[in-house]
Amino acid sequence: MYAIVEIAGQQFKVSKDLKVYVHRLAEQEGDKVSFDKVLMLDDNGTVTIGAPAIDGASVEAKILKHLKGDKVIVFKKKRRKGYKVKNGHRQSLTQIVIEGIQSSGATKKAAPKKEAAPKVEAAPKAKASKKGDDLKKIEGIGPKAAEALVAAGVDTFAKLASTSVDSIKEIFDASTSKLSHLDPTTWAQQATLAAEGKWDDLQKLQDELNGGKAV
């Protein structure tokens, strides 16, 4: 006999005498606890499914000890900003042993399987129009610049790659936003790599740039 039960926000498949590590519980070591959010029971092949929990069913357990999990390193870095933060974290856990599964009151059984109805092919859906690329992946292009380019019809990496620097500057000069200070010299090179899906090469190139400008 086994059950699917929710304990401290996590779901576990448990059976009698099974030891489980769960998020830290408030009770003390040696205390007995009961979990009544049983989502499913399997009693020698008789399956009962809750909606979402099974009325009257519960899982009885005993707290063995409180402990902390293995250390996890959390590292944050912002490129070219001089920002680095390194922290360690150990999750607080509780080890419990399952002492029994109570199925009294469980009356909602899974419906027997029915033969699959013949599959009816759905009418083909109209092909959705392709959306433009996210031009903000090009270093040096912010939300306002991307908006101005899209408004001018440059909405994909391929189109950006084939647009000259002078044409881009003309687009920005005609825009209501102040974008004339931007330097699009490397954008065509970046857009070519993005259009070809060469993301690793694009990342290497962007690591050598400074705000989209060649160093």
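Residues numbered from 1 in each chain as written. Predicted model: local features only at pLDDT ≥ 70, side-chain atom pairs only at ≥ 80, totals over all residues. Heavy atoms only, no water.

When you go through the protein chain residue by residue, the secondary structure sums to five helices and 12 strands. In the protein chain, buried positions account for 29% of the 215 residues. In the protein chain, the share of contacts with a sequence separation of at least 24, taken over all contacts with a separation of at least 6, comes to 62%. Accessible surface for the protein chain amounts to roughly 14700 Å². Of this, 50% is attributable to carbon and sulfur atoms. (Helix = DSSP H or I, 4+ residues; strand = E, 2+ residues; numbered from the N terminus. Buried < 20%, exposed > 50% of the residue type's maximum accessible area, 1.4 Å probe, protein only. Contact = heavy atoms within 4.5 Å. Areas by Shrake-Rupley, 256 points an atom, 1.4 Å probe, with all protein chains shown as cover.)

Another point: the sheet that holds strand E4 (residues 32-35). The four strands lie next to each other as E3-E10-E7-E4, forming an open sheet whose pairing is antiparallel. Of all the strands in the sheet, the pair left with one neighbour each is strand E3 (19-23) and E4. Mean inter-strand twist for the sheet, computed between neighbouring axes without regard to direction, equals 45°. Across four bridges, E4 lies against strand E7 (residues 58-68) in antiparallel orientation. Across the sheet, Ser34 pairs through a bridge with Glu60, a residue of E7. (Pairing = 2+ DSSP bridges. Axes fitted to C-alpha atoms, helices over the stretch in contact; angles between N-to-C directions.)

Think of a pair of aromatic rings as described by two things: how far the centres are apart, and how the planes are tilted against each other in angle. Throughout the structure, instances matching the rule amount to two aromatic pairs. Seen in terms of ring centroids, Phe157 and Trp199 are 6.0 Å apart; in terms of plane orientation they differ by 75°. Their pairing is edge-to-face. Residue Phe157 is found in helix H2 (residues 157-161), and its partner Trp199 is found in helix H5 (residues 199-207); the two are separated by 42 residues along the sequence. Look at Phe172 and Trp187: their rings are 5.8 Å apart centre to centre, the planes differ by 70°, and that puts the pair in the edge-to-face class. In this pair, Phe172 is assigned in helix H3 (residues 165-174) and Trp187 in helix H4 (residues 187-195), connecting sequence segments 15 residues apart. Cation over ring: Lys13 sits above Tyr2, and NZ or CZ is 4.5 Å from the ring centre. Its guanidinium or amino end placed over the ring of Tyr83, Lys78 lies 5.1 Å from that ring's centre, counting from NZ or CZ. (Phe/Tyr/Trp six-rings, centres within 6.5 Å; stacked < 30°, edge-to-face > 60°. Lys NZ or Arg CZ within 6 Å of the ring centre and 35° of its normal.)

Attention now moves to the nonpolar core. Ranked by size, the top nonpolar core spans 22 residues in total, and within it Leu135, Ile138, Ile141, Leu149, Leu160, Phe172 and Trp187 carry the most contacts. Among residues more than four places away in sequence, those in contact with Ile141 are Leu135, Lys136, Ala146, Leu149, Leu160 and Trp187. (Core = buried A, V, L, I, M, F, W, Y, C linked by side-chain atoms within 4.5 Å.)

Reading across from one edge, E2-E1-E5-E6 is the order of the four strands in this open sheet, with antiparallel pairing throughout. The strands lining the two open edges of the sheet, one partner per strand, are strand E2 (10-15) and strand E6 (46-49). Recorded for the sheet is a direction-independent mean angle of 20° between the axes of neighbouring strands. As judged from the six bridges shared by strand E1 (residues 2-7) and E2, these two strands associate in the antiparallel manner. Residue pairing across strands places Ile4 opposite Lys13, the latter belonging to E2.

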